[in-house]
Amino acid sequence: MTAGEIVNAAGDSEEDRRGRSGRSGRPRASTAAGGPGAGILPVIAGIGTKVPADSYTQRDILDEFDISDPRVRSVFLNSGIERRYLGLSRRGSDGARQAESQGELLRRHAAQGVSLGRGAIEACLQEVGASPSDVRYLCCVTSTGFLTPGLSARLIKEMGIPPDCARLDVVGMGCNAGLNGLTAVTGWSARHPGELGVLACIEVCSAAYVVDSSMRASVVNSLFGDGAAAVSVLTAPARSPRQPALLGFASRLIPEAIDAMRFDWDDTHGKFSFFLDPEVPYILGAQAKQAVSGLLSGTGLRQSDIGHWVIHAGGKKVIDSVRINLGLARHDVRHTIRVLRDYGNLSSASFLFSLERLMHEATVAAGDYGVVMTMGPGSTIEAALIRW
């Protein structure tokens, strides 16, 4: 498929794509013009998402693991999360969920990661009318398991992506890593105009759990869900009005908070486990404005010029802290709030679930600017500037 066909396919409705066979014409694609980012730039051509078949409410999970501690129940039930999609461990003869070894968790990460990743990539390619044979660069991001060979090699084999496809695996960077991966795909796309690059954020958070009665484990276990999201990036002379251009990226590390978010070895349980410092929301919120200022520096834009916001669904307190420090209304982060409600924190994939909702919403107009922001271990804030 040519770059022009991908651009036009992304601008079609689902009905248009189904009826493309035999159609004589396609809608005219618009071009970037005026202001920061004018000219031929990499664009987000399409997004696809995938979650496991099984979902659970927060009460379901409390019941599944027979959790009665009122402190733990309060954490779950006041999280801003209604439902999460999860792959839980098998039941024993007594009907209870069985504990999994680190080896079992890694095998589940591999199997479910490939399944979820494939589903997200297929949905993404369908969105733009492309096939696996069109993919020339694949970047896979995950923080829920370590595999060698990585998910990129496994998905290339599984999906029939050409074996000479360039690839990259970003492993262990945490919830912010989706934008780090998108930076790499965008850079590749700018150097390979007309060729299709794909980013796949694949997180099997249920394969990285420790189950005990501690508040450390309970906070983590109340928050994360399983899911994958893929985004296709293309640099071409024309683009659909629905495809935002990627104008720039910025990073902000907070060295004094390097230990605030960790995924380290737990000797007691013999497996890796997450740690989230209670101060994380306030650490990130306090740095959010500086991160946006760094992103907009040199563009001639002010924060007031930004019409759309996609913030990582890191948790209710994280969202509120970032929103308040940036002076945003709840409406500005509505997709972030709803993704947290419907899926929980999907780690690196979260921002793409929110961006997909925004891209399909009728509120976006040509010429609008948007900021995408993710946060994670380091502690770090990543940001991207986009323009429709």
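My aim in this report is to walk through the structure given alongside it, one point at a time. Please read these numbers as outputs of a predicted model, since none were measured by experiment.

**Things to note about the overall build of the chain**
When helices and strands are counted, the chain shows 12 helices and 13 strands. Within the span of the chain, comprising 388 residues, buried residues form 53% of the whole. Considering only intrachain contacts with a sequence separation of at least 6, the fraction spanning at least 24 residues in the chain is 76%. Here the chain displays about 16000 Å² of accessible surface, and carbon together with sulfur accounts for 51% of that area.

**Remarks on the environment of Leu-284**
Its location among the elements puts Leu-284 in helix α9 (residues 280-296). Residues Leu-284 and Ile-254, 30 residues apart in the sequence, show an inter-C-alpha distance of 8.6 Å. Leave out the neighbours within four places in its chain, and Leu-284 touches Ile-254, Met-261, Val-318, Met-375, Ser-379, Thr-380 and Ile-381.

**Section: the pattern of salt bridges**
Within this structure, the stated rule accounts for 14 salt bridges. In this structure, the salt-bridge partner of Glu-100 is Arg-108, at a minimum N-O distance of 3.0 Å. Of the two residues examined, Glu-100 and Arg-108, each falls in the buried class. Residue Arg-167 pairs with Asp-169 through a salt bridge whose shortest N-O separation is 3.6 Å. Since its relative accessible area comes to 45%, Arg-167 is described here as partly exposed. Take Asp-169: its relative accessible area is 26%, and that puts it in the partly exposed class.

**Considerations on the packing of aromatic side chains**
Per the counting criterion, the structure on display carries 7 aromatic pairs. Ring centres of Tyr-85 and Tyr-343 lie 5.6 Å apart, and the angle between their planes is 35 degrees; this geometry places the pair in the tilted category. Of the two residues, Tyr-85 is situated in strand β3 (residues 83-85) and Tyr-343 in helix α11 (residues 334-343); the sequence distance between them amounts to 258 residues. With a relative accessible area of 17%, Tyr-343 lands in the buried category. Judged by centre distance (5.4 Å) and plane angle (15 degrees), the rings of Phe-224 and Phe-274 are stacked. Placement of the pair is Phe-224 in the loop between α8 (215-221) and β7 (226-235) and Phe-274 in strand β10 (residues 271-276), with a sequence separation of 50 residues. Taken together, the aromatic side chains of Phe-224, Phe-263, Trp-265, Phe-272 and Phe-274 make up a single cluster linked through ring pairs.

Parameters and conventions
Residues numbered from 1 in each chain as written. Predicted model: local features only at pLDDT ≥ 70, side-chain atom pairs only at ≥ 80, totals over all residues. Heavy atoms only, no water. Helix = DSSP H or I, 4+ residues; strand = E, 2+ residues; numbered from the N terminus. Buried < 20%, exposed > 50% of the residue type's maximum accessible area, 1.4 Å probe, protein only. Contact = heavy atoms within 4.5 Å. Areas by Shrake-Rupley, 256 points an atom, 1.4 Å probe, with all protein chains shown as cover. Salt bridge = Lys/Arg side-chain N within 4 Å of Asp/Glu carboxyl O. Phe/Tyr/Trp six-rings, centres within 6.5 Å; stacked < 30°, edge-to-face > 60°.

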